[in-house]
There are 2 protein chains.
Amino acid sequence: MITSLNNEKVKRYAKLKDKKYQKQEKLFIVEGKHLVNEAIKRNYIKEIFLLKDEENIYGDVTLVTNEVMKKLSSLKNPPKVLAVCHFLKEEKIKGNVVVLSNIKDPGNAGTIIRSGAAFNYDTIIFSSESVSIYNPKVIRATEGMLFNINIITGSVEEIIKKLKKDNYIIYGTDVKDGKEPQATNKKHALVIGSESSGLKENIKKLCDQNLYIKMNPKCESLNAGVSASILMYSLNK
Amino acid sequence: MITSLNNEKVKRYAKLKDKKYQKQEKLFIVEGKHLVNEAIKRNYIKEIFLLKDEENIYGDVTLVTNEVMKKLSSLKNPPKVLAVCHFLKEEKIKGNVVVLSNIKDPGNAGTIIRSGAAFNYDTIIFSSESVSIYNPKVIRATEGMLFNINIITGSVEEIIKKLKKDNYIIYGTDVKDGKEPQATNKKHALVIGSESSGLKENIKKLCDQNLYIKMNPKCESLNAGVSASILMYSLNK
């Protein structure tokens, strides 16, 4: 059992709240029973930390005190269990794809991963300007689905050009000449633009078809996680 | 211009972060240009506070220093403008209705208000167990749409019974015997259950039809704001 806040492992893993150390160590932390279980299922566990006196339903664990758990956690109310996980494996692009061109809000990014897994997307591309996949709020909002979908970080423009060569249909979103989304069996990529300014011009030009969700004119826009989810649902009904 | 943190008005309005004082004063604060403009349009303004040196596009304002703005704001990065607003007027139930039976997350509640306005719902019912409409995170997530929709707080069970007498169709959500949502012209109420445990048994019994969004079995559920939005969109296409 670890009781000391000065334990070397605790000091090392507590730094994983910081993007820089995550990258350096290729490790990140997931918190709470549900996420830890998803990480176990998919073999991403490096080490599990469990509060002493809690029931161990996880296998190999390191017991810790409340204080140690608090130091490792990025939550105001630390969980009973958390796990240090290895970085996600990036596989080759496969199946239908969602491209996050410039999504800054961690809740939106995590929600899109969760909905993407629900609506049978296999790959999610994060542009380098988007929020980090390993941001604790992204991870929480995915509800563990980050382990169930292939997530790739890269240049959106290059990846879309490659997808076009592979005969993907590229769907953008635009109010101007957008069509209501319809169910399709065709291999496609859905490109989601920035929360505040939509898709950039260079990306818009690469899209084969713009989609638009009809709404009351008193409302200017939907939440980005919501509109991405409605489009994913509608394309894959 | 107000420069002192001990100004009586500043001390009074700074307390409006607290639910208790909001209720007592029947006042709440909205932050940022977009929300302040929506409040102006719908005549909800009591007083606007603008950072000195910022352009006044709002009409009657009280200028304040950075420090005063910081004291009034509930944001880490205080806005350039905020407004103290009167509580929302509760009108009679009209049009299609969304019922939040037990929504605890402020982001979800605000997102449902925003999507409700987009998909032509006229009334939103907040159960007394749900998060407060005046929670600053709810207000931000609505993107100003809280001023464009009739919001009522009350007993979900009583209100649903009343709606049934008025020939509303009551849609619940359930995995078990749920049907895929279809567009409808009929007057209806959509009841959204708790993020963690869905609809309570006594409320389920009152529903005429359960709806279900088909999804990949590896994903247990969608974000509550997303699933409510997909249902609203699908019922009103």
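Residues numbered from 1 in each chain as written. Chains lettered and ligands numbered in written order. Predicted model: local features only at pLDDT ≥ 70, side-chain atom pairs only at ≥ 80, totals over all residues. Heavy atoms only, no water.

Caption draft 1: Geometry of the overall build of chain A. Across its full length, chain A carries nine helices and ten strands. Here the C-alpha atoms of chain A give a radius of gyration of 20 Å, agreeing with the 18 Å that 2.2 N^0.38 yields for 237 residues. Its C-alpha atoms give chain A principal-axis dimensions of about 60 × 40 × 30 Å. Looking at chain A residue by residue over its 237 residues, the buried ones come to 53%. Taking contacts inside chain A between residues at least 6 apart in sequence as the whole, the part at least 24 apart equals 76%. In the form shown here, chain A has an accessible surface area of approximately 11400 Å², with 46% of it arising from carbon and sulfur atoms. Placing the 39 positive and 27 negative side-chain charges of chain A at their respective mean positions leaves the two points 1 Å apart. (Helix = DSSP H or I, 4+ residues; strand = E, 2+ residues; numbered from the N terminus. Rg over C-alpha atoms; globule rule 2.2 N^0.38 Å. Buried < 20%, exposed > 50% of the residue type's maximum accessible area, 1.4 Å probe, protein only. Contact = heavy atoms within 4.5 Å. Areas by Shrake-Rupley, 256 points an atom, 1.4 Å probe, with all protein chains shown as cover. Lys, Arg positive; Asp, Glu negative; His and termini not counted. Charge placed at Lys NZ, Arg CZ, Asp CG, Glu CD.)

Caption draft 2: Inspection of the domain arrangement of chain A at higher detail. All names here are of chain A. We note that the domain assignment places domain 1 (8–86) and domain 2 (97–235) within chain A. Averaged C-alpha coordinates put domain 1 and domain 2 at centres separated by 30 Å. Across the contact, 14 residues belong to domain 1 and twelve residues belong to domain 2. Summing both sides of the interface, domain 1 and domain 2 together bury roughly 1100 Å²; the carbon and sulfur share of this comes to 67%. (Domains from an automatic or database assignment. Buried area = accessible area lost by both parts, 1.4 Å probe.)

Caption draft 3: Examining the environment of Ile192(A) more closely. Residues and elements named next belong to chain A. Looking at where isoleucine 192 falls in the secondary structure, it is placed in strand β9 (residues 188–192). Residue isoleucine 192 is classed as buried on the basis of its relative accessible area of 6%. It is 17 Å that separates the C-alpha atoms of isoleucine 192 and isoleucine 149, two residues lying 43 residues apart in sequence.

Caption draft 4: Spotlight on the packing of helix α9 (residues 224–235) of chain A against helix α9 (residues 224–235) of chain B. The contact between α9(A) and α9(B) brings their axes to 9 Å, and the two run at 55 degrees. Between α9(A) and α9(B), the interaxial angle falls into the category oblique. Crossing angle aside, the handedness with which α9(A) passes α9(B) is right-handed. Residues Gly225(A), Val226(A), Ser229(A), Ile230(A), Tyr233(A) and Ser234(A) of α9(A) lie in contact with α9(B), whose contacting residues are Gly225(B), Val226(B), Ser229(B), Ile230(B), Tyr233(B) and Ser234(B). Counted by class, the contact of α9(A) with α9(B) contains six nonpolar, six polar and no charged residues. (Axes fitted to C-alpha atoms, helices over the stretch in contact; angles between N-to-C directions. Parallel < 35°, antiparallel > 145°, perpendicular 65-115°, else oblique. Left-handed = near helix turned anticlockwise from the far one by under 90°. Nonpolar A, V, L, I, M, F, W, Y, C, P; charged D, E, K, R; others polar.)

Caption draft 5: Structural context of α9(A). All names here are of chain A. With twelve residues, α9 should reach 16 Å at 1.5 Å per residue; the first-to-last C-alpha distance of 17 Å fits that figure. Taken residue by residue, α9 has Ala224, Gly225, Val226, Ser227, Ala228, Ser229, Ile230, Leu231, Met232, Tyr233, Ser234 and Leu235 as its buried positions. Put simply, asparagine 223 is the residue that caps the front of α9, since its side-chain oxygen is 2.8 Å from the backbone nitrogen of glycine 225. (Expected span 1.5 Å × (residues − 1). Polar contact = N/O pair within 3.5 Å; in protein donor to acceptor, adjacent residues only side chain to side chain.)

Caption draft 6: Expanded view of the interface of chain B and chain A. Listed as interface residues are 29 residues of chain B and, on the opposing side, 29 residues of chain A. Counting the surface lost from both chain B and chain A, the interface buries some 2500 Å², and carbon and sulfur atoms represent 56% of this. The largest contributions to the chain B side of the interface with chain A come from Arg114(B), Lys218(B) and Tyr233(B), which together make up 24% of the buried area. Our count for the contact surface shared by chain B and chain A stands at zero salt bridges. The interface formed by chain B and chain A contains twelve residue pairs in polar contact (both at pLDDT 80 or more). At six residues, the largest contribution of residues to the side of chain B that touches chain A is made by α9(B). Residues belonging to the side of chain B that touches chain A are distributed by class as follows: twelve nonpolar, eleven polar and six charged. (Salt bridge = Lys/Arg side-chain N within 4 Å of Asp/Glu carboxyl O.)

Caption draft 7: Region of the structure containing the pattern of salt bridges. Evaluation of the coordinates by the stated rule reveals 24 salt bridges over all chains. One salt bridge in this structure joins Asp166(A) and Lys162(A), with 3.8 Å as the shortest N-O distance. Of the charged contacts in the structure, one is a salt bridge between Lys164(B) and Asp208(B), with a shortest N-O distance of 3.0 Å. Here the residue Lys164(B) occupies a position in helix α7 (residues 156–165), and Asp208(B) occupies one in the loop between α8 (201–204) and β10 (209–211), the gap between them amounting to 44 residues. Through salt bridges that share partners, Asp174(A), Glu201(A) and Lys204(A) make up one connected network.

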